[in-house]
Amino acid sequence: MSLVKIKTKINGKEVESEVEPRKLLVHFLREDLGLTGTHVGCDTSNCGACTVLLNGKAVKSCTMLAVQANGKEITTIEGLSKNGELHPIQKAFLEKHGLQCGYCTSGMIMTSFWLLRKNKNPTEEEIRKNLSGNLCRCTGYQSIVESIRYGAELIKEKEEQQEMVVR
Amino acid sequence: MEEALELLTKYGEDAKVMAGGQSLIPLLKLRLASFPYVIDISGIAGLNRIEEKGDYLEIGALATVNEIEENYLIRERYRALHEAAGLIADPLVRNRGTIGGNISHGDPSNDLPAVMIALKAKLELSGRNGKRIIDADSFITDSFTTVLSEGEILTKILIPLSTRESGGCYIKQKKNAGDFSVAAVAVNFVLDSSERVKSAGIGLTSVGPRPIRAANAESFLEGKKVNDSVAREAATIIVSESEPSSDFYGTVVYKKKVLLSIAEEAINLSYERAMVR
Ligand SMILES: Cc1cc2nc3c(=O)[nH]c(=O)nc-3n(C[C@H](O)[C@H](O)[C@H](O)COP(=O)(O)OP(=O)(O)OC[C@H]3O[C@@H](n4cnc5c(N)ncnc54)[C@H](O)[C@@H]3O)c2cc1C
Ligand code: FES
Ligand code: FES
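This is a predicted model, so every value here is computed, not measured. (Residues numbered from 1 in each chain as written. Chains lettered and ligands numbered in written order. Predicted model: local features only at pLDDT ≥ 70, side-chain atom pairs only at ≥ 80, totals over all residues. Heavy atoms only, no water.)

Draft legend 1. Molecular detail of the overall build of chain B. In terms of helices and strands, chain B carries eleven helices and 13 strands. For 277 residues, the compact-globule formula gives about 19 Å, and the C-alpha radius of gyration of chain B, at 18 Å, lands near that figure. Residue burial in chain B is summarised as follows: out of 277 residues, 53% are buried. Summarising the internal contacts of chain B: among those between residues at least 6 apart in sequence, 61% fall at separations of at least 24. By element, 48% of the accessible surface of chain B is carried by carbon and sulfur atoms, the whole surface being about 12100 Å². The averaged location of the 38 negative side-chain charges in chain B is 2 Å from the averaged location of its 33 positive side-chain charges. (Helix = DSSP H or I, 4+ residues; strand = E, 2+ residues; numbered from the N terminus. Rg over C-alpha atoms; globule rule 2.2 N^0.38 Å. Buried < 20%, exposed > 50% of the residue type's maximum accessible area, 1.4 Å probe, protein only. Contact = heavy atoms within 4.5 Å. Areas by Shrake-Rupley, 256 points an atom, 1.4 Å probe, with all protein chains shown as cover. Lys, Arg positive; Asp, Glu negative; His and termini not counted. Charge placed at Lys NZ, Arg CZ, Asp CG, Glu CD.)

Draft legend 2. Structural context of the overall build of chain A. Tallying secondary structure elements over chain A gives five helices and five strands in all. When the helices and strands of chain A are placed in sequence order, the string is β-β-α-β-β-β-α-α-α-α. Its C-alpha atoms put chain A at 50 × 40 × 25 Å along the principal axes. Across the 167 residues in chain A, those meeting the buried criterion constitute 47%. Long-range contacts, defined here as pairs at least 24 residues apart, represent 56% of the contacts in chain A between residues at least 6 apart. With an accessible surface of roughly 8800 Å², chain A has 48% of that area assigned to carbon and sulfur atoms. Where the 23 positive side-chain charges of chain A centre and where its 20 negative ones centre are 3 Å apart.

Draft legend 3. Focus on helix H1 (residues 2-11) of chain B. Residues and elements named next belong to chain B. All of the buried residues in H1 are Ala4, Leu5 and Leu8. Across the axial projection of H1, the buried residues extend over an arc of 95°, all falling on one side. Away from its buried face, by an angle of more than 90 degrees, H1 presents the exposed residues Glu2, Glu3 and Lys10. For H1, the secondary structure elements touched by its buried residues are strand E1 (15-18), strand E2 (37-40), strand E5 (122-127) and strand E9 (153-160). Within two residues after H1, Gly12 carries a phi angle of roughly 50°, on the positive side. (Arc of directions from axis to C-beta.)

Draft legend 4. Structural view of the interface of chain B and chain A. Contacts between the two partners involve 20 residues from chain B, matched on the other side by 23 residues from chain A. Between chain B and chain A lies a buried interface of about 1700 Å² when both sides are counted; carbon and sulfur atoms form 57% of it. Considering only the side of chain B, the residues that lose the most area to chain A are Lys29, Leu92 and Arg96 of chain B, jointly responsible for 37% of the buried surface there. Where chain B packs against chain A, one counts two salt bridges. Linking Asp90 of chain B and Lys60 of chain A is a salt bridge whose minimum nitrogen-to-oxygen distance equals 2.8 Å. Our count for the contact surface shared by chain B and chain A stands at six residue pairs in polar contact (both at pLDDT 80 or more). Within the side of chain B that touches chain A, the residues separate by chemical class into nine nonpolar, five polar and six charged. (Buried area = accessible area lost by both parts, 1.4 Å probe. Salt bridge = Lys/Arg side-chain N within 4 Å of Asp/Glu carboxyl O. Polar contact = N/O pair within 3.5 Å; in protein donor to acceptor, adjacent residues only side chain to side chain. Nonpolar A, V, L, I, M, F, W, Y, C, P; charged D, E, K, R; others polar.)

Draft legend 5. Quick look at unusual backbone geometry. Residue and element names in this part refer to chain A. Backbone geometry places Ser45, a non-glycine residue, at a positive phi of 65°. Here Ser45 is to be found in the loop between helix H1 (25-32) and strand E3 (51-54). For Ser45, a relative accessible area of 9% translates into the label buried. Unusually for a residue other than glycine, Asn55 sits at a positive phi of about 45°. Residue position: Asn55 is located in the loop between E3 and strand E4 (57-60). We classify Asn55 as partly exposed; its relative accessible area is 48%.

Draft legend 6. Summary view of the packing of helix H10 (residues 228-241) of chain B against helix H11 (residues 252-275) of chain B. All names here are of chain B. As a packed pair, H10 and H11 sit with axes 8 Å apart at the nearest point and diverge in direction by 140°. Relative to H11, the element H10 lies oblique. As for how H10 packs across H11, the hand of that crossing is right-handed. Seen from H10, the contacting residues are Asp228, Ala231, Arg232, Ala234, Ala235, Thr236, Ile238 and Val239; seen from H11, they are Lys256, Leu259, Leu260, Ala263, Glu264, Ile267 and Asn268. Grouping the constituent residues of the contact of H10 with H11 by class yields nine nonpolar, two polar and four charged. (Axes fitted to C-alpha atoms, helices over the stretch in contact; angles between N-to-C directions. Parallel < 35°, antiparallel > 145°, perpendicular 65-115°, else oblique. Left-handed = near helix turned anticlockwise from the far one by under 90°.)

Draft legend 7. Focus on the site of ligand 1. All names here are of chain B. The local shell around ligand 1 holds 32 residues, among which Val17, Gly20, Gln22, Ser23 and Thr98 are the closest. At 2.6 Å from an oxygen atom of ligand 1 is found a main-chain nitrogen or oxygen belonging to Val17. One nitrogen or oxygen atom from the side chain of Ser104 is found 3.5 Å from a nitrogen atom belonging to ligand 1. Burial of ligand 1 by the protein amounts to 96% of the accessible area it has alone, namely 970 Å². Going through the elements one at a time, E1, helix H7 (99-104) and E9 are the ones with two or more residues in the shell around ligand 1. No other element matches the four residues that H7 contributes to the shell around ligand 1. (Near = heavy atom within 4 Å.)

Just distances and angles here, no functional claims.
See below:
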């Protein structure tokens, strides 16, 4: 099959690539770019382990072709930490035990990131509704919900600190 | 748009349109279907607009389910559509899946076709030889089969403007969060000045080989005020118009029982909403 040229911006970097038209975005990220933090947990588009941000919105990278990302911005779990420092949501998952085996975690964090962008102070119900496309076999979700609540607090604190610095 | 229609005509039966890919890619991944050419229409400009224009709320076929769910106008005035959108799949799928794809897939378990029936929507279909407008309830003829002819795509959904006298809802019984329904029902009423139902729209999901208009229940309700016994009788008529089959989601008996209960609830709730002006 002939290859197609695509241009994307991945975790802030412009990337030019040639891909097979039928290649899924998740395989492009993992195999071609080595971004293996994005997982594949099912073949029925149900589990959300493959969640990435496409132009800022959380989507399943296993249910999209790489060529459909042409001209778009993608953020993966690797793109969240800045200068070697974990993102507040990542810290929150560590501190509040939001993971056990960790298979679902990068997807959970990407969906939470999208949620906390839209809604800085979500209720437990809003958190659970927004996570309905992300499955976890291990934790029973309670610690994930707590991690996201705590993540929201950490983000707020960080923003307040930054405001003080600016002043 | 021109290009897409040209390619579709050129490749004929070998070509398949893809919008959000949330139904198509799962099929392709499981090798349940394959097509030599997939034509991605998601880049067509302007086909995701949502606006009231003339006598209709116009929705471009490429508007995503998430855009519909979050649209202020739809949330305020087209409750059945707002509620159905928020109950489809999960937020990740809703960020990609489009209204046009949800309707065109022809899946009797997809939620939006029944809403189109209840809202008495019309669909604009475009092909190389121009456009035609059809009633939404004649669009899906059988499971996964629509009236779209080769080289034609769904471009716009036209919903009659909602008035102060109308009210509706969508009630969906699911087994698990983020799943298709055991049964679901969309209802929309327009009342006259004496609080009688002037026009009723009732569409059913997951209880037949295609989305079903409960036409007998609609005519039963028209001209009446809704009270508990009217709602119960209408729900019984709705069940008699359904044609469910037994599957993973339940037996025929179970599905009819679920339908009876959500139909009654949906009729009462829609009437209540139409009364609140
Ligand atoms: C895990 C999961 C759960 C789901 N749960 C639900 C649910 O509960 N309820 C529900 O309703 N849906 C559900 N879906 C299905 C999904 O929401 C919709 O069917 C999807 O939004 C379809 O839109 P799309 O744009 O992704 O269509 P695509 O997958 O791109 O296309 C679907 C079909 O429609 C055709 N098509 C698309 N756009 C057009 C057009 N403009 N003109 C002509 N033909 C067109 C394609 O050729 C194809 O045959 C689920 C999907 C997944 C993966
Ligand atoms: S890998 Fe399971 S939803 Fe994408
Ligand atoms: S931590 Fe194991 S699947 Fe979620």
